[in-house]
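Coordinate analysis (summary)
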Amino acid sequence: MLVISLLFLASGASAARYPPHCVAGDPCWPADVSWARLNSTLHGRLVRSLPPAAPCHIPNYDEVACAAVKANWASASWRARQPGAYQDTAWENGDEPCYVDGPQNATCRQGLVPYYTAVVLSVEDIQAAVIFAKDNHLRTRIKGASHDFLGKSSGKGSFGIQTIHMKGITFKDSFVPTACNVPAQKAVSVAAGELFSDLYKATDARGVTIVGGGCTSVGAAGGWALGGGHSHLTPLYGLGVDNILQFSVVTADGRARVVNQCQNPDLFWALRGGGGGFAVVTSVTYKTHPAIESTNIVLVSFRATPELFTSALSKYLGFQTKAADAGFFTSSVILPSAGMVLGAYVLSNSDDSAASTNSTFDPLFQFAAEHPNQVTVTTTAMALKSQLSVVHQIVPEGMPQGTISIWGSRLFPRSAFEGDEKNQKLAKFLSTATMPDSSIVLMIMGGKVNEVAPSATAVNPSWRTMFGHIMIERKWSSDTNISDRNAIRKDLTQKTQELAQFVPDMGAYMNEADAGEPEWQKTFWGDNYPRLLAIKSKYDPSGVLTCRKCVGDDIFGS
Ligand SMILES: Cc1cc2nc3c(=O)[nH]c(=O)nc-3n(C[C@H](O)[C@H](O)[C@H](O)COP(=O)(O)OP(=O)(O)OC[C@H]3O[C@@H](n4cnc5c(N)ncnc54)[C@H](O)[C@@H]3O)c2cc1C
């Protein structure tokens, strides 16, 4: 409480200055005539947004539309295009579930889906939407590819700004940030609605590489870029934010601005890791890197009997430092109840043959040989050129969405994986940290990400000493009642806090974290939070662009 009060003072903000946002149903909610005027300004692209399963239930039942919803329910790109759909149904439903498999006569309510959504195509559209939101003090949400794990792009009774239809990928051979006197470099400008799938196709065709996300349905210029953005290329080139040269944005006052190290440098710092809520981004310009001629990938399947799983996992955790020293980025899914770890190991720019790369894995083979009939390890090695084909080995193409999966996480320093005792303790915790249907994700990156100064961008300074990123999952299904769901959420928060005990000085990656994180300001941004809050207060003094667990949520509300 004291910390929050000090932050209020630091930013010049006070609780009294920030009345709650106006939400659908409130007397202050704009009259129909005002919405009609906005719709006209947007050339008819103001949508009365509903949860995606609405056509399958009263009062909006429509047989044909419902069949289309059922056919597309698990499609990430379909979900991104729907004004009211999210990749994770937890963030469309809230306490008012509306599932496609529920009975037709179950009433489908609004849930967390914005009541109206402005489907924007241009800077002018965004300016109109932002000014309308500001004038009416609306709870505003920005929705791109709708992957956010904290549900930042939805909110009860809110007004949505959907950017997914803003397309454009432009390569520049000699890009100089506007008004800067710095050497030109190769770059690519990416519009707010582009997905990594299309960006990778374009960079592959152009013969260049970019630092981009592992899942190709994530937005290439949205939440990923604003929150940090890790990649299989992070060990070589750092985070996404370390590769951003410029943003084009609309700020909360409705002004279109160019933001880089020379113009609005404070906002440039905040946008690179501060998460959402500072401005609506219309495009991001990234450095490009030379094409990677060969990437060696090793897919590992490591299995152990239930009695041996914890020691096998301890061995696997200890092996991560060896893999990193050999230059690998690693991403592993740990499934304790199945006694299995599935890993994707990525070695960029390798001259090694697939076979010699494979020899790095000898410690795992040796462990299996020492435990015949109890531990098995298999590896599949391949050499790939296209970046799109590399990322599809890390996160399979067409991964189904429209399910529910929440996560809690922590960043880990290298020292946490050094020493048998530490690995045994962590393995013991991880072996029981999930439910039978859930998983743990372990990523190892290090390298270049540790070479950038902690103050260079707004990401949690823990990123600059991190080596591993561990995420714990919890799930529920469409027939879980609200009280059981709340218990699952509480349990995830509890387990995440237990995970935090292993690394009390580290934080979490705000894009892949627990929405119930108690000290979220410190955990997501560490010592950068007060500076971020001051910048938020400067560019958005009345809290127009708010979102759940974003900078200023504790002052402006969300
Ligand atoms: C399947 C999956 C795979 C993932 N893989 C990775 C990965 O490999 N690496 C990684 O680092 N992260 C990964 N993530 C996490 C991802 O970075 C975050 O979920 C991120 O918020 C997604 O951004 P989005 O634009 O797709 O989501 P959205 O839900 O559309 O947006 C999230 C928030 O970002 C902000 N935002 C989005 N667009 C704009 C805009 N144009 N202007 C201003 N603010 C905007 C808003 O605050 C918005 O609420 C993954 C997530 C999922 C679900």
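Everything numeric here is computed off the predicted structure, so don't read it as measured data.

Moving on, we come to helix α13 (residues 362-370). Taken as a whole, α13 has its buried residues at Pro363, Leu364, Phe367 and Ala368. One side of α13 holds all its buried residues, which, seen down the axis, span an arc of 140 degrees. Summarising the geometry of α13, the exposed residues directed more than 90 degrees from the buried face are Ala369 and Glu370. Check the buried side of α13 and you find it contacts β12 (295-304), α11 (309-325) and β15 (375-384).

Right, let's get into the state of the cysteines. The tally for this structure, following the rule as stated, stands at 5 disulfides. A sulfur-sulfur separation of 2.2 Å characterises the disulfide bridge that pairs cysteine 56 with cysteine 66. Note on the cysteine 56 and cysteine 66 pair: the S-S dihedral is about 105 degrees, so by sign convention the disulfide is right-handed. With cysteine 56 in the loop between β1 (46-48) and α3 (63-72) and cysteine 66 in helix α3, this residue pair connects regions lying 10 residues apart in the sequence. On the basis of relative accessible area, cysteine 66 is assigned to the buried category, the value being 5%. Here cysteine 547 pairs with cysteine 550 through a disulfide, and the sulfurs are 2.0 Å apart. Residues cysteine 547 and cysteine 550 are joined through a disulfide that is left-handed, its torsion about the S-S bond being -100 degrees. Per residue, the accessibility class of cysteine 547 equals that of cysteine 550, and both read buried. Counting only the cysteines that take part in disulfides, in the order they occur along the protein, gives the pairing 1-2, 3-4, 5-6, 7-8, 9-10.

Turning next to the site of the ligand. Surrounding the ligand, one finds 33 residues, the nearest of these being Gly144, Ser146, Ser153, Gly214 and Tyr509. In this structure, lysine 152 approaches the ligand through a main-chain N or O atom, which is 3.1 Å from an oxygen atom. Summarising the interface, the protein chains cover 95% of the accessible area of the ligand, which totals 950 Å² for the free molecule. At the level of secondary structure, the elements contributing two or more residues to the shell around the ligand comprise β3 (140-143), α8 (223-227) and β10 (280-287).

Okay, the packing of helix α7 (residues 196-206) against helix α14 (residues 387-394) next. Two measures define how a pair of helices packs: the angle their axes make with one another and the distance between the axes. At a minimum axis separation of 8 Å, α7 and α14 run at an interaxial angle of 140 degrees. The angle between the axes of α7 and α14 places the two elements in the oblique class. Contacts between α7 and α14 involve Ser197, Tyr200, Lys201, Thr203 and Asp204 from the former and Gln387, Leu388 and Val391 from the latter. Residue composition of the contact of α7 with α14, grouped by class: 3 nonpolar, 3 polar and 2 charged.

Here the focus is the UniProt feature "domain: FAD-binding PCMH-type" (unreviewed entry) in the protein. The UniProt record marks residues 110-291 with the feature "domain: FAD-binding PCMH-type" (unreviewed entry), using the residue numbering of this structure. Helix makes up 22% of residues 110-291 and strand 27%. Its end C-alpha atoms lie 46 Å apart.

The next thing to look at is the domain arrangement of the protein. Domain boundaries in the protein define domain 1 (32-162), domain 2 (169-291) and domain 3 (295-520). Between the C-alpha centres of domain 1 and domain 2 there is a distance of 26 Å. Contact with domain 1, which involves 11 residues of that partner, is made by 16 residues of domain 2. Contact between domain 1 and domain 2 buries roughly 1,000 Å² in total, counting both sides, with carbon and sulfur atoms accounting for 78%. Counting the surface domain 1 buries against domain 2, the share from its top three residues, Ile126, Val130 and His147, is 35%. The tally of links from domain 1 across to domain 2 stands at 0 salt bridges.

Neither face of strand β2 (residues 116-119) is left uncovered, since the one carrying Tyr116 and Ala118 and the one carrying Thr117 and Val119 both have all their residues buried. Note: β1 against β2, 3 bridges, orientation antiparallel. Paired with valine 47 across the two strands is threonine 117, which belongs to β2. Relative to strand β4 (residues 159-162), β2 is paired through 4 bridges, and the arrangement is parallel. Looking at the pairing, threonine 117 lines up with glycine 160 of β4.

For aspartate 540, the location among the structural elements is in the loop between α18 (529-539) and α19 (553-556). According to the relative accessible area criterion, aspartate 540 is buried, its value standing at 0%.

Here we come to the pattern of salt bridges. If you walk through the whole model with that rule in mind, you get 19 salt bridges. Residue lysine 201 is joined to aspartate 198 by a salt bridge in which the shortest nitrogen-to-oxygen separation is 3.8 Å. Taken together, the residues lysine 201 and aspartate 198, both in helix α7 and 3 residues apart, mark about one turn of the helix. Overall, lysine 201 belongs to the partly exposed group, its relative accessible area being 47%.

Rules used throughout
- Residues numbered from 1 in each chain as written.
- Predicted model: local features only at pLDDT ≥ 70, side-chain atom pairs only at ≥ 80, totals over all residues.
- Heavy atoms only, no water.
- Buried < 20%, exposed > 50% of the residue type's maximum accessible area, 1.4 Å probe, protein only.
- Helix = DSSP H or I, 4+ residues; strand = E, 2+ residues; numbered from the N terminus.
- Arc of directions from axis to C-beta.
- Contact = heavy atoms within 4.5 Å.
- Disulfide = S-S within 2.5 Å.
- Near = heavy atom within 4 Å.
- Polar contact = N/O pair within 3.5 Å; in protein donor to acceptor, adjacent residues only side chain to side chain.
- Areas by Shrake-Rupley, 256 points an atom, 1.4 Å probe, with all protein chains shown as cover.
- Axes fitted to C-alpha atoms, helices over the stretch in contact; angles between N-to-C directions.
- Parallel < 35°, antiparallel > 145°, perpendicular 65-115°, else oblique.
- Nonpolar A, V, L, I, M, F, W, Y, C, P; charged D, E, K, R; others polar.
- UniProt positions renumbered as here; feature names shortened; annotations may be inferred.
- Domains from an automatic or database assignment.
- Buried area = accessible area lost by both parts, 1.4 Å probe.
- Salt bridge = Lys/Arg side-chain N within 4 Å of Asp/Glu carboxyl O.
- Pairing = 2+ DSSP bridges.

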